[in-house]
Each structure stands twice: as structure tokens, then as C-alpha cells.
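Observations on chain architecture
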Amino acid sequence: MAYSSRATEVDAVVIGAGFSGLYMLHRLREQGYSTRVFDAAKGVGGTWYWNRYPGARCDSESHYYCYSFSDEIRNEWKWSCRYPAQPEILDYLNFVADRLDLKKDIDFNTRVTAGTYDESLHHWTIETDTGESVRAKFLITAVGNTSAPARPNLPGLDTFAGKVYHTALWPHEGVDFTGKRVGLIGTGSSGIQSTPMIAQQADHLTVFQRTANYSVPARNHALTDEMRREQNEKFAELRALTLNSPIGMPFELPEKSALELSSEERTAMLDKLWDKGGFRFMFTSFTDIVTDPAANEVVAGYIEDKIRSTVNDPAKADVLCEFNHAVGTKRPPIDTEYYETFNRDNVSIVSIRKNPIREVTADGLTLENGDHHELDAIVFATGFDTVTGSILKLNLTGRNGQTLADKWKDGPRAYLGLASEGFPNLFMITGPQSPAILVNFPVCIEKHVDWVIDAMEHMKRTGAVEMEATAQDEAAWVEKISADVEGTLMTSTDSWYMNSNIPGKPKVFTAYFPGMPSYSEIIDEVAANGYPGFNLR
Ligand code: N01
């Protein structure tokens, strides 16, 4: 089929132009598939397009939070620092899109509103909010896992006279909080990153905390030419470590249980990693943090001591240490001066765990016990309808008129985290029940995109027009997802990993837990053996 960015019949439609969608488009074009890409945003970037809140920066380090597929791109791009801020990552994705000339094939400002599979014609019909209807043999979702912002429905919010913001829908022109009394709700990664920045500007910042989090210092720093040269020279070695790592980061794996070491040895290990900063603290210290409650307590206790020695006011420290879950069972936040910020006179912390917000009034928030906080602005750092939210919003209907929403009403069902029975020729990049949310995203993205391309090429070679997961293999995969995480501490916490951050969502673990290397082995073997678990027709 001749390639046309305006064709209404194409080989593939890709939804999303972030890290996943851009690489997917590049590979599809390389293999000669006519493709259209839709994105609701005005530009590329996905999560990095929308999340422009003050302090937004990557928690993974720049030299591995990027594409690996092109030596040229890697050599041409220079990261400024260890953890780049959102504008720099957005610049990088624009650079990649321009370098590969991808933008001409992306329809921006266009939201996909529905997708329906026609089983007699073996194609998907994709509808958009611009009134277009496009037919495609393949539908590929590249919509991310944290891309449907969630805001609690607080009574009275519409009566609030001040400004209301959500971290994931931040105004592009920025916000000036000078002279304002700001209330920030939520202490996940977004709240923890934005707190120090808002505090520097606002007249007063009140952080409303439902769950105390365990944050570790990032220790961001500029990269010198020497550091960049070393990272480049060691690329092959670091890539090997990355591919061998459960979380897709070039870290040496931990070797010992926290309980095998003496108290002095444990502290020395944690001190070293605390000083180094970032995810290494959680992922390279001990083997058993999320499997053994005693090991978990060692790490949680260490962080609590750090918080208490950082925060001068013991009452504030008490609130910040009001832990109710095991460390590592929610996505670990990485911060820059988060706890230090509570030493400022213009910053307070309010626990809303047992004393929740009762209502919003014209001039602020009132808690259940009647305490009232006068505010000029409210910032929701309350996260997302994670993992399934953005996929379900696409209104997909598969064979026999079954909707994905109906099929997934008790939780996602996605064979290998890539496909779902009843929805032929639908592939989900970083889909539910893959390891994506527990892994450095670009690693999982590149693996998924390459796997999907191989599957499409296999279909081309064998003359198959339809590829669909079998109900039986999908059921076994869904069972495996739960079985793999059973007995760990991960299931003991309400978290977005457990699908339980949004009221009403079924509480199920949403990721493949054993890590990226074993997952890659499984999906590679499926490909090598002619795609068992799929019906190819
Ligand atoms: O969202 P979250 P996020 N009343 O869901 C609270 C990625 N990310 O945007 O824990 C009061 O983690 C909620 O409380 P609780 C990263 O993967 C990456 O911060 O549910 N509070 C929690 O404190 C991350 O994990 C980066 O009790 C309410 C907070 O809001 C994911 O995105 C940066 C509430 C939500 O935390 C999501 O992070 C930022 C309510 N009704 C994000 N509802 C980088 O790598 C929710 N909360 C840089």
C-alpha cells in the first residue's frame, strides 16, 4: 500500500506519540507498513508532554532512560545531568522525532474515541474526535500507564474561588504562586517532586498527606564531558547489566539478605547507597526487601531515622513518618530536598489519613474534625487511573461486540501483557500484566515494539491475517501474574500497582513481577516457537 499520512486505510494505527509510539512508528515505517499515529496532545512526548509541574524530572538516570536502538541518536544527544528535568526529556523526544522525521505521520490534537474490530474483514475501524474513521489491520496502543489523570471528587470543589491544578495537566505557561496560600494533596512521586519547588514560591504551602511515603534523595548533579564519555565507552557493559536487571537499570544485583548482615554492616551498606542516591538504595541493597517483613523493617527504619534527623520539628516528622505500609510496595519516590522543605516556616504537613477532607469551600478545605485551611490554590498530585485507565478510555470493541471494559471488569486480562483474547490484531505496548510498570520504561518499550514487529512479520511470512491470544493461555498468564506475587509484601498495600488507588477498581496486581530478564525469555521463546498461545488464522 502506498504510504500516505492521510490514508483512511492503513496497515497499522498507533495510539500515542510518547516514547512507545515514536519507536513503534519508526519500526513500522522501517518494515514498510503504512501507519497513522494519533495523539491528543499538540506535540510528541506523551507523559513528558503533559507533566509540566514544577520539579518534574525523571527518576531514572539519563544515560539509561533513553532509547538504545540507535548509536547515532545516542552519540548525538548530550544529557545535561543525572536526572533530566521534564523540558529536557521533551526536547530529547522532539530531537528523536525530528531526527527520524516522524512528525509528518502523526496526527496531533486528535483523540481516538473508539476502535471496533470487524471479524469478517479482519480490520479495526478507529474513530477520532476530529470526525475521522480509519481502517487498519493492526491496532497498537502506546498510551502509557500513568496517563489518565485522576482527581478525587471532593464535595464543594466547584465552589472554590481559587485556582485548581492537577500535576499531570499543568498549564504550559507555568503558574506563579507568589503570595499565594497553596494546598497540595498527594504525596506520591509528583507531590514529592513539586513540594520543594512550590514551597520556594508560595506564601504558604500546606501538604495534605493521606499516606506517608518513603522517599530517597536523588542526588542529582550535572554531567561533565568526562562523565558522558565514560558512559559512552561503557555502553555495552552497562547495556548488558541493564538487560540482566529485573528493573531494567544497569545496577549490580543485590546478593545478600538484610538479615544475613550484622547491624553495622547493614547500616554501612545503606549509608553508602543513601549517599549515592536514587533507585539503587531500594533495588541494590538487599535481596529480600519486599519478601521478608523483617528485612523490610530494616530499610523502613533506616529511612525513618533519616527523616527524623532531617526534619527539625518533631511534630512534622511524626506526620511524615506515619507509615502504614511496607517500604517498596508503592512505587519508590526519589526526591530533591523533600524532607528538608518541611524545615521552612512557610510549609506545613497535615495528616488526612484519619481526618480526611470533608469538603472544599469557597476559601479553602475543611477536614472531618472541622479544621479549616484557607487556600488560594489547590494542587492535586493525586495520580492517575493507572495501567488500564488510558486503554479503557479508547472504547475498544472486539469480536462478537464484546467491549474491553466488559472483558476487564474484574481486572485486566492480557496474554504476555501484550494481547487480549477476543481482540485480534490488537497489541498493547507496555500493556497490563507485562513488567512495564516495575521496569525502566524504555527497556520494556523497545522489547515490546520489536516483539510486535516480529509477530507482524511472522504473519506476513505465513499469510495469516489474524493473531489472537487463546482464552486458555491468557487464563494461565492471568493466574501466573497473581501467583508470582503471592507471598510477597506487594499485595499487602493499597497501591496503583495493586489497581487499588482508585475507588471501585478491582484489587489485583497489574504487572509481571519476576522482572524483565525472565519476561524477555518467555516472550522470545513464544516468538521462536511460532507463537504458541495465539491463534493465527
Ligand atoms: O501519583 P501516585 P503520582 N485524597 O498515585 C494521594 C510516575 N511518576 O502522580 O497513597 C487524598 O503515586 C495518594 O494517597 P494514597 C511514577 O510511576 C514518575 O505521584 O493513595 N489523597 C498519593 O499520595 C508514579 O508512581 C515520575 O493514600 C489522595 C497521591 O495522591 C506514578 O507516576 C514523577 C486521594 C498519588 O500518588 C504516579 O505518581 C511522577 C484522595 N482522594 C510520577 N487520592 C518520575 O519519574 C489520591 N491521593 C519523575
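All values derive from a computational prediction rather than experimental measurement.

**Digging into the packing of aromatic side chains**
The final tally for this structure, using the stated rule, is 37 aromatic pairs. Both rings, one in Phe427 and one in Trp451, keep their centres 6.4 Å apart while their planes meet at 80°; by these two values the pair is edge-to-face. Here the residue Phe427 occupies a position in strand S18 (residues 426–428), and Trp451 occupies one in helix H15 (residues 441–462), the gap between them amounting to 24 residues. For the pair Phe427 and Trp451, one class covers both residues: buried. Ring geometry for Trp477 against Tyr512: centres 5.5 Å apart, planes inclined by 5°, an arrangement best described as stacked. Of this pair, Trp477 sits in helix H16 (residues 471–485) while Tyr512 sits in the loop between H16 and helix H17 (516–528), and the two are 35 residues apart along the sequence. Both residues of the pair, Trp477 and Tyr512, belong to the buried class. A cation over an aromatic ring shows up here: Arg52 above the ring of Tyr49, its NZ or CZ 4.7 Å from the ring centre. The residue whose ring lies beneath Arg74 is Phe235, and the NZ or CZ to ring-centre distance is 3.5 Å.

**Brief notes about the pattern of salt bridges**
By the definition in use, this model includes 36 salt bridges. With a closest N to O distance of 2.6 Å, Arg399 and Glu468 form a salt bridge. Taken together, the residues Arg399 in the loop between strand S17 (396–397) and helix H14 (404–407) and Glu468 in strand S19 (residues 467–469) connect sequence positions 69 residues apart. Residue Glu468 is classed as buried on the basis of its relative accessible area, which comes to 2%. Shared partners join several salt bridges into a network, and the residues in it are Arg399, Lys407, Arg413, Glu421, Glu466, Glu468, Glu474 and Arg537.

**Some details on the environment of Leu25**
Residue position: Leu25 is located in helix H1 (residues 19–30). For the pair Leu25 and Val13, spaced 12 residues apart in the sequence, the C-alpha separation amounts to 9.2 Å. The contact partners of Leu25, leaving out residues within four places of it in the chain, are Thr35, Val37, Leu102, Asp105 and Ile106.

**Here we look at the confidence of the model for the protein**
With 99% of its residues at a pLDDT of at least 70, the protein reaches an overall mean of 97. With pTM at 0.97, the complex prediction returns an ipTM value of 0.99.

**Remarks on the sheet that holds strand S13 (residues 357–361)**
The strand order across the open sheet formed by 3 strands is S13-S14-S15, and the pairing between neighbours is antiparallel. What marks the edges here is a single partner per strand, and that holds for S13 and strand S15 (372–374). Pairwise comparison of adjacent strand axes, ignoring direction, gives a mean angle of 20° for this sheet. Relative to strand S14 (residues 364–367), S13 runs antiparallel, the two being bridged by 4 bridges. Each residue of the ladder has a partner; that of Ile357, found in S14, is Leu367.

**Looking at unusual backbone geometry**
At Asn109, a position not held by glycine, the phi torsion is positive, near 55°. Along the chain, the position of Asn109 falls in the loop between strand S3 (106–107) and strand S4 (112–118). In this structure, Val387 is a non-glycine residue whose phi angle is positive, near 60°. Tracing the backbone through its elements, the reader meets Val387 in the loop between strand S16 (377–380) and helix H13 (389–392). Taking relative accessible area as the criterion, Val387 reaches 1% and is therefore assigned buried.

**A short note on the packing of H1 against H15**
It is at 10 Å that the axes of H1 and H15 come closest, and there the two elements cross at 30°. For the pair H1 and H15, the sense of crossing is right-handed. Touching Phe19, Ser20, Tyr23, Met24, Arg27 and Leu28 of H1 are Pro442, Ile445, Glu446, Val449, Asp450, Val452, Ile453 and Met456, all from H15.

**A short note on the site of the ligand**
Residues in contact with the ligand amount to 23 residues; listed here are only the nearest, Arg57, Thr187, Ser190, Thr211 and Lys330. Contacts to the ligand include Thr187, whose backbone N or O atom sits 2.8 Å from an oxygen atom. A distance of 2.6 Å is found between an oxygen atom of the ligand and a side-chain nitrogen or oxygen belonging to Ser190. Here the ligand has 910 Å² of accessible area as a free molecule, and 85% of this is covered by the chains. Sort the elements by how many residues they give to the shell around the ligand and helix H5 (residues 189–201) lands first, with 3 residues. A class-by-class count of the residues in the shell around the ligand yields 8 nonpolar, 10 polar and 5 charged.

**Side note on the nonpolar core**
Note that soluble globular proteins tend to have their nonpolar side chains buried in a common cluster. The biggest cluster of nonpolar side chains holds 66 residues, and the ones touching the most others in it are Phe177, Phe281 and Ile303. Ranked by the residues each element gives to this core, the list is headed by helix H10 (residues 293–310), at 7 residues. The residues contacting Phe177, other than those within four sequence positions of it, are Tyr165, Trp170, Val182, Ile198, Gln201, Ala202, Asp203, Ala377 and Val379. Counting 63 residues, the second-largest nonpolar core is a separate cluster that includes Leu22, Tyr33, Tyr92 and Tyr531.

The rules we used
Residues numbered from 1 in each chain as written. Predicted model: local features only at pLDDT ≥ 70, side-chain atom pairs only at ≥ 80, totals over all residues. Heavy atoms only, no water. Phe/Tyr/Trp six-rings, centres within 6.5 Å; stacked < 30°, edge-to-face > 60°. Helix = DSSP H or I, 4+ residues; strand = E, 2+ residues; numbered from the N terminus. Buried < 20%, exposed > 50% of the residue type's maximum accessible area, 1.4 Å probe, protein only. Lys NZ or Arg CZ within 6 Å of the ring centre and 35° of its normal. Salt bridge = Lys/Arg side-chain N within 4 Å of Asp/Glu carboxyl O. Contact = heavy atoms within 4.5 Å. pLDDT = per-residue confidence, 0-100. Pairing = 2+ DSSP bridges. Axes fitted to C-alpha atoms, helices over the stretch in contact; angles between N-to-C directions. Left-handed = near helix turned anticlockwise from the far one by under 90°. Near = heavy atom within 4 Å. Polar contact = N/O pair within 3.5 Å; in protein donor to acceptor, adjacent residues only side chain to side chain. Areas by Shrake-Rupley, 256 points an atom, 1.4 Å probe, with all protein chains shown as cover. Nonpolar A, V, L, I, M, F, W, Y, C, P; charged D, E, K, R; others polar. Core = buried A, V, L, I, M, F, W, Y, C linked by side-chain atoms within 4.5 Å.

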